[in-house]
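A closer look at the structure
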Amino acid sequence: MAEYVLETRGLGIRFGGLKAASDVNIRIRKNQIYGLIGPNGAGKTTIFNMVTGVYTPTEGEILLDGVRINGLPQEKINHMGIARTFQNIRLFNNMTVVRNVMVGLHNDPRYRSGFFTSVFRLPKHFRVEEEMRSEAKKLLELFGLLEVRNELASNLPYGKQRKLEIARALATKPRLLLLDEPAAGMNPQETEELMDTIRKVRDKFDMTVLLIEHDMSLVSGICDSVTVLNFGTMLAQGDVETALSDPEVIRAYLGDDN
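I will try to describe carefully the structure that is included in this document. (Residues numbered from 1 in each chain as written. Predicted model: local features only at pLDDT ≥ 70, side-chain atom pairs only at ≥ 80, totals over all residues. Heavy atoms only, no water.)

A word on the nonpolar core
Core analysis: the biggest nonpolar cluster contains 49 residues, and Val-101, Phe-143, Leu-164, Leu-177, Leu-211, Ile-222 and Cys-223 have the highest contact counts within it. It is helix α5 (residues 123–142) that contributes the most residues to this core, six residues altogether. By size, the runner-up hydrophobic cluster in this structure holds 27 residues, among which are Phe-48, Ile-62, Leu-210 and Ile-212. (Core = buried A, V, L, I, M, F, W, Y, C linked by side-chain atoms within 4.5 Å. Buried < 20%, exposed > 50% of the residue type's maximum accessible area, 1.4 Å probe, protein only. Helix = DSSP H or I, 4+ residues; strand = E, 2+ residues; numbered from the N terminus.)

Next comes the structure, spelled out in structure tokens:
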């Protein structure tokens, strides 16, 4: 087994003449909660997009459990064990809460039924449907969403929509979960609940988590290690306290008081 769940080596990308990221080296061990932080425009979401196959790197490589995934399609990368949420919530708003999670379960071979089984509504179709619903309800219970499972996703308050998006990502059974600003728009109580939920997810599902976040209380409270980016390059790396006390980080990210 590879030493790291996710490793990037000299990772970079250009858009025309613009270098959006350069020489980014990240190593994330199994079961870590790892933070990718930096000011707006630092290249954090660009890194996420390369790891998940939205963008193809123009330099360097990305390894998932030691296997190079550069250039693979998004669906293939998802099936290999990477799932993500987005900075702007992307739910199926006209579906119920439980149906949103059931969509994610279609990745699982156990819940696949053939074309004829589905079209002609054969007994297996209903059995699979019930098994998926049962599994989805278990995930919703973990996130405190079981009681609203039959509500439309669009009717949920913001904090619960965030949790639902994470639950749907978990339904794909990833080894590595990428969270893009999961606490955005949350009040302090919701952020505290989210921190507890992320820890539970890591422990219950033997999960590794990589997150982008601007809320430093969440980063400090939950992350084992961080990489700090600025203008697509690495400023600092290591434990949170050491990284955030780096003078370059203070100037670029936290502001220079001098």
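Once you've had a look at it, read on.
With respect to the environment of Phe-15
Mapped onto the elements, Phe-15 comes out in strand β1 (residues 6–15). The class for Phe-15 is partly exposed, based on a relative accessible area of 36%. Linking Phe-15 and Thr-58, residues 43 residues apart in sequence, is a C-alpha distance of 9.1 Å. Among residues more than four places away in sequence, those in contact with Phe-15 are Ala-20 and Tyr-55. (Contact = heavy atoms within 4.5 Å.)

Concerning the sheet that holds strand β8 (residues 208–212)
Ordered in space as β6-β7-β8-β3-β9-β10, the six strands form an open sheet in which the pairing is mixed. Pairing within the sheet leaves two strands with one partner each, and these edge strands are β6 (82–84) and β10 (233–238). Recorded for the sheet is a direction-independent mean angle of 20° between the axes of neighbouring strands. (Pairing = 2+ DSSP bridges. Axes fitted to C-alpha atoms, helices over the stretch in contact; angles between N-to-C directions.)

Examining the pairing of strand β4 (residues 59–64)
Remember that side chains alternate between the two faces of the sheet whenever the strand is regular. Sheet topology places β1 next to β4; five bridges connect them, and they run antiparallel. Looking at the pairing, Gly-12 lines up with Glu-59 of β4. When β4 meets strand β5 (residues 67–68), the two strands line up antiparallel, connected through two bridges. Its bridge partner lying in β5, Leu-64 is registered against Val-67.

A word on the environment of Met-195
In this fold, Met-195 is placed in helix α7 (residues 188–204). Remark: the alpha-carbon pair of Met-195 and Leu-218, spanning 23 residues in sequence, is separated by 6.8 Å. Each residue touching Met-195, except ones within four places of it in the same chain, is listed here: Ser-217, Leu-218, Gly-221 and Ile-222.

Focus on the sheet that holds β1
The strand order β2-β1-β4-β5 describes an open sheet built from four strands, whose pairing is antiparallel. What marks the edges here is a single partner per strand, and that holds for β2 (18–28) and β5. On top of the sheet, helix α1 (residues 44–51) reaches β1, β2 and β4; it is set at about 110° to β1, its chief contact.

Quick word on the pattern of salt bridges
Going through the model one piece at a time under the given rule, you end up with 15 salt bridges. Close ionic contact of Arg-199 with Asp-196 constitutes a salt bridge, the shortest N to O distance being 3.1 Å. Here the residue Arg-199 and the residue Asp-196 both occupy positions in helix α7, the gap between them amounting to three residues, near one helical turn. Residue Arg-199 is classed as partly exposed on the basis of its relative accessible area, which comes to 27%. What emerges from the salt-bridge pattern is a single network uniting Glu-7, Arg-9, Arg-27, Glu-61 and Arg-68. (Salt bridge = Lys/Arg side-chain N within 4 Å of Asp/Glu carboxyl O.)

A short note on the pairing of strand β7 (residues 176–180)
Summarising burial for β7: five of the five residues are buried, a large majority. Burial along β7 is two-sided: the residues Leu-176, Leu-178 and Asp-180 and Leu-177 and Leu-179 are all buried. Strand direction decides the pairing type here: β6 and β7, joined by three bridges, are parallel. The residue bridging Ala-83 from the neighbouring strand is Leu-177, located in β7. Two elements, β7 and β8, share five bridges in a ladder whose sense is parallel.

Limitation: the analysis is restricted to geometry and does not speak to function.
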